[in-house]
Amino acid sequence: MKYITEYRDKELAKKLVADIAKEARPDRNYRLMEFCGGHTHVISRYGLEGILPKNVRMIHGPGCPVCVMPIGRIDSAIELALEHGVILCTYADTMRVPASKGLSLMKAKAQGGDIRMIYSAADCLDIARANPDRNVVFFAIGFETTTPATAVVLKQAKAEGLKNFFVFCNHVLTPPAMRHILKNQEKVQIEGFVGPAHVSTIIGSEPYETFAKDYSKPVVIAGFEPLDMLQSILMLIRQINRGEAKVENEFTRAVRPEGNMKAIRMMEEVFALRDSFEWRGLGSVPKSALKLSDAYSDFDAEKHFNLVYRSVPDNKTCECGAILRGEKQPSDCRAFGTVCTPESPIGSCMVSSEGACAAYFTYGRHKR
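Report on the accompanying structure. (Residues numbered from 1 in each chain as written. Predicted model: local features only at pLDDT ≥ 70, side-chain atom pairs only at ≥ 80, totals over all residues. Heavy atoms only, no water.)

### What about the overall build of the chain?
So the rule is basically this: Under the scheme used here, helices are H or I runs from DSSP no shorter than 4 residues and strands are E runs no shorter than 2 residues, and both carry numbers assigned from the N terminus. We take the radius of gyration over the C-alpha atoms and set the globule estimate at 2.2 Å times the residue count to the 0.38 power. What makes two residues a contact is simply this: any of their non-hydrogen atoms within 4.5 Å.
A tally of regular secondary structure across the chain gives 17 helices and 13 strands. Computed over the C-alpha atoms, the radius of gyration of the chain is 21 Å, within 12% of the 21 Å expected from 2.2 N^0.38 for a compact globule of 368 residues. In terms of its C-alpha atoms, the chain occupies a principal-axis envelope of roughly 65 × 45 × 45 Å. Counted over contacts in the chain with a minimum sequence separation of 6, partners at least 24 positions apart contribute 77%.

Here's what the structure looks like:
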């Protein structure tokens, strides 16, 4: 397709790489964090790190919603299916994430839990309508990208007066996590961010202004094609060289400064901020996740089923937490590509299609 191949043009890529090499000063290092699992896969798929100057380093951040979900939240979803007997609806990526006691949602399904993979939140509503005598719970995860879809089904359920539909809300927010990383840079120094694409189509570019003003960190929002990434890296390097810190939008074909106001208003109606939320690798992050608002509390699975969250430490063999913090790369993990593979994952970074470990493994970087 025309509008895809234009962003994969080999000659343009060569020119951008040459410009990056020219702009990158040999006397300094450029440490840039991409905060999106899709960007991590673009970098690995097209071998971008291999053609960048050695002093331009891409650091993988916690931009994979399945990867950052802590074990305790997966345990709660399993509890809903096995102990409360609900029909649990979930996206495919969550099915194989390791939980406590050697379980996962896939294994809980094998033990008799009625756990169903769905393609969209609307599928869960259809299941609730078709099973009026069963409680149906949607295991809602994701960043701001998927949050509006959950808001839509909640509004529909309320309008229809459904009594057997509930949401186990695990939607998390990007800017608070970025702020948390900047406040905890003991091991990883970050000079700029490649801003997420899909998230920014919802929230816009304005929420990133605080990182430029308060932390003097430039942010460039990038699209998902290889030329998008190279252009964004070049824009960041130029800002750093000039001593600037501002928000720039490379992905102008999809992202507006104010974002999608209709989606934002709907999210504000249906959801409220949690005081804190545990992220895998980051610990408890204040004001970084959503819960159902009072107007929609009747659909809150945590309240209805009296779920009690219990924090569970990660597998000691797995370096997923350090990878999500940007402290390590997947190939630094002893389990990577040996006992931990997509077929038998130890950590969530190898499970999800957006995980950094899955990206390295899929595109052969574990062989280096």
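### Remarks on the pairing of strand β11 (residues 276-279)
Here is the rule we go by: Relative accessibility thresholds used throughout: buried, under 20% of the residue-type maximum; exposed, over 50%; partly exposed, between the two (1.4 Å probe, protein chains only). Strand pairing follows a simple DSSP-based rule, namely that at least 2 bridges must link the two strands.
Because side chains alternate across β11, one face comprises the buried residues F277 and W279, and the other comprises S276 and E278, none of which is buried. Bridging between β11 and strand β12 (residues 283-286) involves four bridges; their strand directions are antiparallel. Counted as the bridge partner of E278 is S284 from β12. Between β11 and β12, which pair antiparallel and follow one another directly, the connecting turn spans three residues, one of which, G281, has a positive phi of 85°.

### Overview of the packing of helix α2 (residues 10-23) against helix α12 (residues 226-242)
The condition is simple: For every element, the axis is a line fit to its C-alpha atoms; helices are fit only across the contacting stretch, and the angle between N-to-C directions ranges from 0 to 180 degrees. When describing relative orientation, an angle under 35 degrees is termed roughly parallel and one over 145 degrees roughly antiparallel, while 65 to 115 degrees is termed roughly perpendicular and anything else oblique. It is the rotation of the near helix from the far one that decides the hand of a crossing: anticlockwise by less than a right angle makes it left-handed, clockwise makes it right-handed. By the convention adopted, Pro, Cys, Tyr, Trp, Phe, Met, Ile, Leu, Val and Ala count as nonpolar, Lys, Arg, Asp and Glu as charged, and the other residues, Gly among them, as polar.
Between α2 and α12, whose axes approach to 10 Å, the crossing angle comes to 20°. In terms of orientation, α2 lies roughly parallel with respect to α12. Helix-helix and strand crossings are classified by hand; for α2 and α12 the assignment is left-handed. Listed contacts from α12 to L12, A13, L16, V17, D19, I20 and E23 of α2 are L227, L230, Q231, I233, L234, I237, R238 and N241. Among the residues making up the contact of α2 with α12, the classes are represented as ten nonpolar, two polar and three charged.

### Thoughts on the side chain of E79
Applied cut-off: Neither His nor the chain ends contribute to the count of charged residues, in which Lys and Arg are positive and Asp and Glu negative. We define a salt bridge as a contact between a side-chain nitrogen of Lys or Arg and a carboxyl oxygen of Asp or Glu at a distance within 4 Å.
Mapped onto the elements, E79 comes out in helix α5 (residues 71-82). It is R310 that comes nearest to the buried, bridge-free E79 among opposite-charge side chains, at 4.5 Å. With near-sequence residues (within four places) excluded, E79 lies in contact with H84 and L307.

### A short note on the packing of helix α7 (residues 121-130) against helix α8 (residues 147-160)
Relative to each other, α7 and α8 sit at 25°, their axes nearing to 8 Å. In terms of axis orientation, α7 runs roughly parallel to α8. Crossing hand, α7 versus α8: right-handed. Every residue of α8 that contacts α7 at A121, A122, L125 and R129 is listed here: A149, V153, Q156, A157 and E160.

### Some points on the packing of aromatic side chains
What counts, and what does not: Pairing of aromatic side chains here covers Phe, Tyr and the six-membered ring of Trp, requires ring centres within 6.5 Å, and sorts the geometry by plane angle: under 30 degrees stacked, over 60 edge-to-face, intermediate tilted. Only when the NZ of Lys or the CZ of Arg is both within 6 Å of the ring centre and within 35 degrees of the ring normal is a charge said to sit over the ring.
Per the stated rule, a full pass over the model turns up nine aromatic pairs. Note on F139 and F168: the rings are 5.4 Å apart at their centroids and 20° apart in plane angle, and the pair reads as stacked. Taken as a pair, F139 in strand β5 (residues 136-142) and F168 in strand β6 (residues 165-171) lie far apart in primary sequence, 29 residues in all. Across the pair, exposure class does not vary: F139 and F168 are buried alike. Between the aromatic rings of F336 and Y360, the centroid separation amounts to 6.5 Å while the plane-to-plane angle is 85°, which identifies the pairing as edge-to-face. Taken together, the residues F336 in the loop between α15 (320-324) and α16 (348-351) and Y360 in helix α17 (residues 356-362) connect sequence positions 24 residues apart. Each member of the aromatic cluster is reached from another via a ring pair, and the members are F193, F211 and Y215. Its guanidinium or amino end placed over the ring of Y309, R73 lies 4.9 Å from that ring's centre, counting from NZ or CZ. The residue whose ring lies beneath R253 is Y7, and the NZ or CZ to ring-centre distance is 3.9 Å.

### A few points about the pattern of salt bridges
As enumerated under the stated definition, the model contains 20 salt bridges in all. Among the ionic pairs, R116 bridges to D114, the shortest N-O distance being 2.9 Å. What makes R116 partly exposed here is its relative accessible area of 28%. Where K287 meets D275, a salt bridge forms, and the shortest distance between an N and an O atom there is 3.3 Å. A residue pair is termed long-range when its members are at least 10 positions apart, and K287 in the loop between β12 and β13 (290-292) and D275 in the loop between β10 (271-273) and β11 qualify at twelve residues.

### Some points on the layout of surface pockets
Inclusion rule: Cavities and pockets were defined on a 1 Å grid built over protein atoms only: a cavity is a set of grid points that admits a 1.4 Å probe from which the probe cannot escape, a pocket is an open set flanked by protein on both sides within 12 Å along at least five of seven lines, and lining residues are those with an atom within 4 Å of any such point. Grid points are joined across faces, edges and corners, and a volume is the space filled by probe spheres set on the points.
Here the largest pocket is characterised by a volume of approximately 460 Å³. Breaking the lining of the largest pocket down by element, the ones donating at least two residues are α3 (37-45), β5 and α10 (198-203). In terms of residue class, the lining of the largest pocket is built from eleven nonpolar, ten polar and two charged.

### Considerations on helix α9 (residues 174-183)
A large share of α9 lies buried, amounting to eight of its ten residues. Where α9 is concerned, the buried positions are T174, P175, P176, A177, M178, H180, I181 and L182.

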